[in-house]
2 protein chains.
Amino acid sequence: MQYLFVGGNSGSWTLKKQTVILGEPMPDISHLQIVGPDENQLIQNPTWILRGFTSNIRYTNHTEDVELKKQSAPLGRVEATHGAMIILKKSVAWWNLAQDERRRIFEEESKHIQIGMKFLPEVSRRLHHSRDLNEPFDFITWFEYAPEYENAFSDLADQLRATKEWQYIDREIDYRFIKSEQAR
Amino acid sequence: MQYLFVGGNSGSWTLKKQTVILGEPMPDISHLQIVGPDENQLIQNPTWILRGFTSNIRYTNHTEDVELKKQSAPLGRVEATHGAMIILKKSVAWWNLAQDERRRIFEEESKHIQIGMKFLPEVSRRLHHSRDLNEPFDFITWFEYAPEYENAFSDLADQLRATKEWQYIDREIDYRFIKSEQAR
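The following refers to the structure shown. (Residues numbered from 1 in each chain as written. Chains lettered and ligands numbered in written order. Predicted model: local features only at pLDDT ≥ 70, side-chain atom pairs only at ≥ 80, totals over all residues. Heavy atoms only, no water.)

1. Focus on empty space enclosed by the protein
At step 1: Counted by the stated rule, this structure contains one cavity of 30 Å³ or more.
At step 2: The calculated volume of the largest cavity comes to roughly 60 Å³.
At step 3: Along the walls of the largest cavity sit A:Arg58, A:Trp95, A:His129, A:Ser130, A:Arg131, A:Asp132, A:Asp138, A:Phe139, B:Ser55, B:Asn56 and B:Arg58, which together make up its complete lining.
At step 4: Residues belonging to the lining of the largest cavity are distributed by class as follows: two nonpolar, four polar and five charged. (1 Å grid on protein atoms, 1.4 Å probe; cavity = no way out; pocket = protein on both sides within 12 Å on 5 of 7 lines; lining within 4 Å. Points joined across faces, edges and corners; volume = space filled by probe spheres on them. Nonpolar A, V, L, I, M, F, W, Y, C, P; charged D, E, K, R; others polar.)

2. Let's talk about the packing of aromatic side chains
Residue and element names in this part refer to chain A.
At step 1: Under the definition given, this model contains 21 aromatic pairs over all chains.
At step 2: Here the aromatic rings of Trp-142 and Phe-177 are separated by 6.0 Å at their centres, their planes lie at 40°, and the arrangement is tilted. Of this pair, Trp-142 sits in strand β7 (residues 139–145) while Phe-177 sits in strand β8 (residues 169–179), and the two are 35 residues apart along the sequence.
At step 3: Judged by relative accessible area, Trp-142 falls into the buried class, the value being 1%.
At step 4: These aromatic residues form a ring-pair network of at least three members: Trp-13, Trp-48, Trp-142, Tyr-175 and Phe-177.
At step 5: In this arrangement the basic side chain of Arg-126 is found over the ring face of Tyr-3, its NZ or CZ atom lying 3.8 Å from the centre. (Phe/Tyr/Trp six-rings, centres within 6.5 Å; stacked < 30°, edge-to-face > 60°. Helix = DSSP H or I, 4+ residues; strand = E, 2+ residues; numbered from the N terminus. Buried < 20%, exposed > 50% of the residue type's maximum accessible area, 1.4 Å probe, protein only. Lys NZ or Arg CZ within 6 Å of the ring centre and 35° of its normal.)

3. Quick look at the interface of chain A and chain B
At step 1: At the junction of the two partners, chain A supplies 23 residues and chain B supplies 23 residues.
At step 2: Between chain A and chain B lies a buried interface of about 1,700 Å² when both sides are counted; carbon and sulfur atoms form 43% of it.
At step 3: Among the residues of chain A in contact with chain B, A:Asn56, A:Gln99 and A:Asp132 are the three that bury the most area, contributing 29% of the side total.
At step 4: Put simply, A:Arg58 and B:Asp132 hold a salt bridge, and the shortest N to O gap is 3.3 Å.
At step 5: Counting the contacts that link chain A with chain B gives 12 residue pairs in polar contact (both at pLDDT 80 or more).
At step 6: Counting only elements with at least two residues in the side of chain A that touches chain B, the list comes to α1 (62–71) and α3 (99–109) of chain A.
At step 7: Among the elements that line the side of chain A that touches chain B, the one with the most residues is α3(A), at four residues. (Contact = heavy atoms within 4.5 Å. Buried area = accessible area lost by both parts, 1.4 Å probe. Salt bridge = Lys/Arg side-chain N within 4 Å of Asp/Glu carboxyl O. Polar contact = N/O pair within 3.5 Å; in protein donor to acceptor, adjacent residues only side chain to side chain.)

4. Quick word on the relation of the copies chain A and chain B
At step 1: With an axial shift of 0.0 Å and an RMSD of 0.0 Å, the rotation relating chain A to chain B amounts to 180°. Viewed as a symmetry operation, the transformation between the two copies matches a two-fold axis. Taking the C-alpha atom as reference, chain A places A:Arg58 closest to the rotation axis, 3.8 Å from it.
At step 2: Looking at chain A, 100% of its interface residues are interface residues in chain B too, so the copies touch through the same face. (Least-squares fit on C-alpha atoms with pLDDT ≥ 70 in both.)

The values reported here are purely geometric and, on their own, carry no functional implication.
The following block contains the structure:
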């Protein structure tokens, strides 16, 4: 299922803050529109468009998957008026690793799933893969949460950035948004 | 890196045999043209086009990867005038499995890598992923070998089809080709 993340001067999500964590910045935007696979929206004057697809899970094992599904909340909750988009590019060194090496760094050494789990169900999440579409970033992760969890979300991002997995990140931008009144 | 597999009545590869192993057949073709990511070819009157991208390895562990790289031969060898295209769709049940469950079926139970390894370096191979592009098949695998290995290749395909992994296959078509004189 392919999604478009359309940055520009209109859209349901109003930019609150943008932080270039690592690497080249992106052209400035004031709004974001997310266009789902079944939506026919006219995209007008976008500053940029990022594309990504949801896919099968790549590292999560069965036990973790059961736990994640049990604890996760869906996107689109009424109270979740704050959104975040983290766009990431991993290094060539990462992609050249074998599956077992990437899994070991991802979870056994960096506890990516375990860290994320601590913030469930407050923070909802959808991962989109972009690398195989020759996009400028490898992943687009979209998060939604209620305003009172903005600091918790920042805490989650900081914890992940301190891991060994993040040593394989070449480029990262962290966008925070607020849902427009009309879109609520 | 995205590749196009263009079926029709022209192309570098002439159809020798087509076998519907499981599921719906595809419209008949007499030739195949493979269009690489950097090629600008005019595609004329194709019967169908299948798309797929090469990507990072998904199940192979480090030890297996080292061994595979040591033993594999590249595509495009002068003597490898025979080609095969196997197109596969896996079941929803497969894609709903977690990573460790798919790996276990793929290698520990089905020995996919181990079986394939026995046919190296004679059979060269390139895997293309299609599922995330919403294509009719999940994978397009392209193989090349010298004429004397046609039977060995059939043996390889038969061995894989007898595995547990293949119980998760919903659709499969096996195409065999011969490289046209002009393309050699």
